[in-house]
Amino acid sequence: MAEIFKEFITTFLAGSAGGTACVYAGQPLDTVKVKLQTFPNVYSGTFDCFKTTLKTEGLRGLYKGSVPALVCNVSENAVLFVALGCMKNMIAYITNKQSSNLSNIENACAGSLSSIFSSLVVCPTELVKCRMQAMSELYTTGKLEKPMSPYGVVRSMIKAEGVLSLFNGLTSTWVREMPGYFFFFYGYEFTRNLLTAKGKEKDDIGVVKTAFAGGTAGLCLWVAIFPIDVIKSRIQVMSVAGKQEGFRKTLFHVARHEGIRALYSGLLPTVIRTYPANGALFVTYEYTKDTKQFVNQFSRRPVRRALLYVPGHDVRKVTKIPSLQVDCTVLDCEDGVALDKKDEARSKIAEMYDDIAQKSSCEVGVRINAPSSGLAKNDLEVLFGKVPYPSCLVVPKIDDHHEITWICDTLRDIVLNAILPKQVPPNVIRIIFQIESARGLLGMKESVEAGIASCAKIRCTSQIDGVIFGSDDFCADLGISRTSEAIELMYARQKILTTAKAYGLQAIDMVYIDYKDTDGLRRQSIEGFKMGFTGKQIIHPHQIQTVQDAFIPDSQKIEWALELLKAYDESRKGAFTFQGQMIDLPTILQARNIVNIYKHINEQKKTNAE
Ligand SMILES: CC(C)(COP(=O)(O)OP(=O)(O)OC[C@H]1O[C@@H](n2cnc3c(N)ncnc32)[C@H](O)[C@@H]1OP(=O)(O)O)[C@@H](O)C(=O)NCCC(=O)NCCSC(=O)C[C@](C)(O)C(=O)O
């Protein structure tokens, strides 16, 4: 059910975005088309109409009716594309095929059927739009006493003829739309197939070819239905000056008195308009229908209770990932890989990533080499210069803010230059960086701010998700001798945690390197969770269960929090007593945190299971 809803929202958003792009790209020529269709004798041709409108009414005149056109196009395309999805599914069901594998004719039939629904939106909105666009001619030819606003048009129609008058021309809209959309979608799919190189998918043809296929779709539509559109515009515009004859009578009247040419009046601007307008429609539609991924991605950060490093060159360990019940795995190019194996790790990860990520229910990220290593750029190019690329990037050893800025800027350039010309980047890259030195710790606030600012330059390519404490390198940098209680690291842990939380980021605690000592790991994990860390790095599959159990509130705590929140709702007091303790807002907020963590983890479990 949730999937169907997401699908609905996605196509609705994509259709709406496509409709908006279509209007802004094509409105001036649409105005010229409507003027020529309804007043063929006033202008000598397309250019004359365009020039005269620009001279007498300015740019605003060409964009007149934009608001109803936006309402019209956005709602039409939203309904059209939602209905198209349903009709494709229906045809796929009948023909026992996948909806993505329908033939051109089947796609065309789905388009034609969807237009039955979109016409219900198109008819009233287009009626108002046409009257607005031809308002000055209606006024100067004396068919209207004074110009009206869109609202005035609607009000006067309802007042004079009732609500049903808004559907004046519905039959001619259906007569136009159903064959029109048959040719529209046939033209689109046919052109896309024609432009798809051998062995490639038609979804991969890129922006320019998609725009061309969209324009050709529009061309097919208009050539097929232009006379019907002329009659529809006539009925809709002329009925402002009194009741207009029906479709058939108007058609014969125009053909007899004005000649067949009048039925094609305004075809040229329409054909010219269709390429930018429908090109923009399909490019925007195709490239925003992946918003589902973005909706999912930005909604919440993935749960990362345990973050397991897997050396990237070690194929045996990498292929183990799909069998592990861990929240997050990180394919490592850095400290887990010897210097002479760096190239091997990088190329193995690039080669295996897609397969491993597909088979695994956990998040699969990568850790590149440090910015100061001289290897990071090559890592980024190889790992992120092709699709699919990892959804999560761990960057080690951030010692100052220039380094994280450099990483984010370089990553964005790679994605924009290598991916965007071919397709919209398929997923946001979640960046987590590591603090592992005295300098890194002191400059952490600036690094977080610099990372967030760099990612914000172009949204949707990357975002800063969290900070990791690299305690072993930190000990080496500061000359710390480690103890089992790790008291010597308390300041660094608290500072990292506090800074990360101040910016709403995840804070991931240090590695427990004695991986066979489960009791020690459990103690340190529980301590980290109580301090406020959201997760912990691990190095061995044995550590997964212990850490993941520690980073979820126990059942008693959850029960306590739920009861406390219930009591708080009932008491409606600032401070009150609960189970013998004084409770005020800070404790309520802590209880909410516990419930939220619990809910979040359960939701993620459900998503992973799906
Ligand atoms: C310790 C090692 C060598 C023992 O490796 P092993 O193979 O000798 O262990 P095992 O007990 O025999 O392994 C049992 C099974 O688990 C597998 N296995 C074992 N480990 C993993 C793993 N990580 N991922 C996936 N699978 C793993 C292993 O392959 C084996 O499966 P098999 O019987 O089918 O062959 C091994 O666990 C390992 O290589 N761990 C990762 C080390 C690493 O990546 N270190 C760098 C990250 S920590 C860090 O960078 C520090 C930090 C943040 O910078 C800072 O604090 O400063």
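Remember, predicted model here, so these are calculated numbers, not experimental data.

This next bit is on the environment of G246. Turning to its location among the elements, G246 is positioned in the loop between α8 (207–238) and α9 (247–258). Note: C-alpha distance between G246 and K232 (14 residues apart in sequence) is 9.5 Å.

Attention now goes to the environment of Q506. Among the structural elements, Q506 can be located in strand β7 (residues 506–509). Sequence spacing of Q506 and I468 is 38 residues, and the spatial spacing of their C-alpha atoms is 8.4 Å. Those residues in contact with Q506, other than ones at most four positions away along the chain, are R301, P302, R304, D465, G466, V467, A500 and T534. Only 2.7 Å separates the side chain of Q506 from the side chain of R304, close enough to count as a polar contact.

Looking now at the confidence of the model for the protein chain. Across the protein chain, the average pLDDT comes to 85, with 91% of residues at or above 70. The low-confidence segment residues 292–299 (pLDDT under 50) makes 20 contacts with residues lying over four places distant or belonging to another chain. Interface confidence for the predicted complex, expressed as ipTM, amounts to 0.98; the pTM equals 0.59.

We now examine a nonpolar patch on the surface. On the surface, a cluster of nonpolar side chains totalling about 400 Å² of accessible area is made up of M90, Y93 and I94. Note on placement: I94 falls in helix α3 (residues 66–95). On the basis of relative accessible area, I94 is assigned to the exposed category, the value being 64%.

Right, let's get into the packing of aromatic side chains. Counted by the stated rule, this structure contains 18 aromatic pairs. With centroids separated by 6.0 Å and ring planes inclined at 15°, the aromatic side chains of Y186 and F190 adopt a geometry described as stacked. Of this pair, Y186 and F190 are both found in helix α7 (residues 170–195), four residues apart, which corresponds to roughly one turn of the helix. With a centroid separation of 6.0 Å and 65° between ring planes, the pair formed by W222 and F226 is classed as edge-to-face. Here W222 pairs with F226, and both are found in helix α8, just four residues apart, close to one helical turn. Through a chain of ring-to-ring contacts, three or more aromatic side chains come together here, namely F81, Y181, F184, F185, Y188, F282 and Y285. Over the ring of W560 we find K557; its NZ or CZ atom is 4.7 Å from the centre of that ring.

Summarising burial for strand β3 (residues 363–367): five of the five residues are buried, a large majority. The two faces of β3 match: E363, G365 and R367 on one face and V364 and V366 on the other face are all buried. As paired elements, strand β2 (residues 328–332) and β3 share five bridges and run parallel to each other. Its bridge partner being in β3, V330 is matched across the sheet by G365. Once you follow β2 into helix α13 (residues 342–359) and on to β3, the crossover reads as right-handed. Across three bridges, β3 lies against strand β4 (residues 392–395) in parallel orientation.

On to the sheet that holds strand β8 (residues 535–538). Here we have eight strands rolled up into a closed barrel, ordered β1-β2-β3-β4-β5-β6-β7-β8, and parallel in their pairing. With direction set aside, neighbouring strand axes in the sheet form an average angle of 30°. Two strands pair when backbone bridges link them, and strand β6 (residues 462–469) and β7 are joined in this way by three bridges, in the parallel orientation. Residue pairing across strands places G466 opposite Q506, the latter belonging to β7.

To continue, consider empty space enclosed by the protein. If you walk through the whole model with that rule in mind, you get one cavity of 30 Å³ or more. Approximately 350 Å³ is the volume attributed to the largest cavity. Elements represented by at least two residues in the lining of the largest cavity include exactly α1 (2–38), α3, α4 (104–133), α7, α8 and α10 (267–288). In terms of residue class, the lining of the largest cavity is made up of 13 nonpolar, five polar and ten charged.

What follows covers the site of the ligand. Around the ligand, a shell composed of 22 residues is seen, among which Y309, R316, R367, I539 and H540 lie nearest. Backbone polar atom of Y309 to a nitrogen atom of the ligand: 2.8 Å apart, as the coordinates give it. The backbone of D472 places a nitrogen or oxygen atom 2.9 Å from an oxygen atom of the ligand. Considering the ligand on its own, with 1000 Å² of exposed area, one finds that the protein chains cover 71% of that surface. Of all elements in the fold, only β1 (306–311), α12 (315–318) and α18 (471–478) reach the threshold of two or more residues within the shell around the ligand. Among the elements that make up the shell around the ligand, the one with the highest residue count is β1 (four residues). A per-class count over the shell around the ligand returns seven nonpolar, six polar and nine charged.

It is worth spelling out the packing of α13 against helix α14 (residues 376–384) at this point. The N-to-C vectors of α13 and α14 enclose an angle of 20°; their axes lie 9 Å apart at closest approach. Considering the angle they form, α13 stands roughly parallel to α14. For the pair α13 and α14, the sense of crossing is right-handed. Where α13 approaches α14, its residues R346, I349 and A350 are matched on the opposing element by N378, D379, V382 and L383. In terms of residue class, the contact of α13 with α14 is made up of four nonpolar, one polar and two charged.

Right, let's get into the pattern of salt bridges. Taken as a whole and judged by the stated rule, the model has 28 salt bridges. One salt bridge connects K397 with D335, and the closest N-O pair in it is separated by 3.2 Å. Separated by 62 residues along the polypeptide, K397 in the loop between β4 and α15 (401–419) and D335 in the loop between β2 and α13 bring together distant segments of the chain. Take K397: its relative accessible area is 19%, and that puts it in the buried class. Here D473 ties to K397 by a salt bridge, and the two come within 3.4 Å at their closest N and O atoms. Of the two residues, D473 sits in helix α18 while K397 sits in the loop between β4 and α15, which places them 76 residues apart along the sequence. Accessibility expressed as a relative area gives 23% for D473, which makes it partly exposed. One network of salt bridges, in which partners are shared, links D332, E334, D335, R367, K397, E436 and D473.

The rules behind these values
- Per-chain numbering applies: the sequence of each chain, read as written, is numbered from 1 onward.
- Note on the predicted model: pLDDT of at least 70 is required for a residue's local features to be given, and 80 or more for side-chain atom pairs to be given and counted; whole-chain, interface and lining totals, by contrast, use all residues.
- Each side-chain value is derived from all of the structure's non-hydrogen atoms; neither hydrogens nor water enter the calculation.
- The numbering of helices and of strands both runs from the N terminus, where a helix is a DSSP run of H or I of at least 4 residues and a strand a run of E of at least 2.
- Whether two residues touch is decided by their heavy atoms; if any such pair falls within 4.5 Å, the residues are in contact.
- Between N or O atoms, a polar contact is any pair within 3.5 Å; within protein, one atom must be a potential hydrogen donor and the other a potential acceptor, and residues adjacent in sequence are included only when both atoms are from side chains.
- Per-residue confidence from the predictor is reported as pLDDT, a score between 0 and 100.
- For patch detection, residues must exceed 30% relative accessible area and be free of salt bridges, and they are connected within 9 Å for like charges or within 5 Å for nonpolar side chains (Val, Leu, Ile, Met, Phe, Trp, Tyr).
- Per-residue and other accessible areas follow the Shrake-Rupley method at a 1.4 Å probe size, with only the shown protein chains counted as cover for residues.
- By definition, a salt bridge exists where a carboxyl oxygen of Asp or Glu is found within 4 Å of a side-chain nitrogen of Lys or Arg.
- Remark: exposure states derive from per-residue accessible area (1.4 Å probe, protein chains only) relative to the maximum for the residue type, with buried under 20%, exposed over 50%, and partly exposed in between.
- The aromatic pairing rule takes the rings of Phe, Tyr and Trp, using the six-membered ring of Trp, and pairs them if the centres are within 6.5 Å, calling planes under 30 degrees apart stacked, those over 60 edge-to-face and the rest tilted.
- Criterion for a charge above a ring: Arg CZ or Lys NZ at most 6 Å from the ring centre, at most 35 degrees from the ring normal.
- In this analysis, strands are considered paired if DSSP registers two or more bridges between them.
- Look down the strands so they point away from you; if the path from the first strand over the helix to the second goes clockwise, the crossover is right-handed.
- Here the axes come from fitting lines to C-alpha atoms, over the contacting stretch only for helices, and the angles between their N-to-C directions go from 0 to 180 degrees.
- Each cavity reported here is a set of points on a 1 Å grid over the protein atoms alone in which a 1.4 Å probe fits but cannot get out, each pocket an open set with protein on both sides within 12 Å along at least five of seven lines, and each lining residue one with an atom within 4 Å of a point.
- Grid points are joined across faces, edges and corners, and a volume is the space filled by probe spheres set on the points.
- Three classes are used: nonpolar for Ala, Val, Leu, Ile, Met, Phe, Trp, Tyr, Cys and Pro, charged for Asp, Glu, Lys and Arg, and polar for all others, with Gly counted as polar.
- Proximity criterion: a residue is near a molecule or strand once any of its heavy atoms comes within 4 Å of it.
- For classification, angles of less than 35 degrees are called roughly parallel, those exceeding 145 degrees roughly antiparallel, those between 65 and 115 degrees roughly perpendicular, and all remaining angles oblique.
- Working rule for handedness: look at the near helix, and if it is turned counterclockwise from the far one by less than a right angle, call the crossing left-handed; if clockwise, right-handed.

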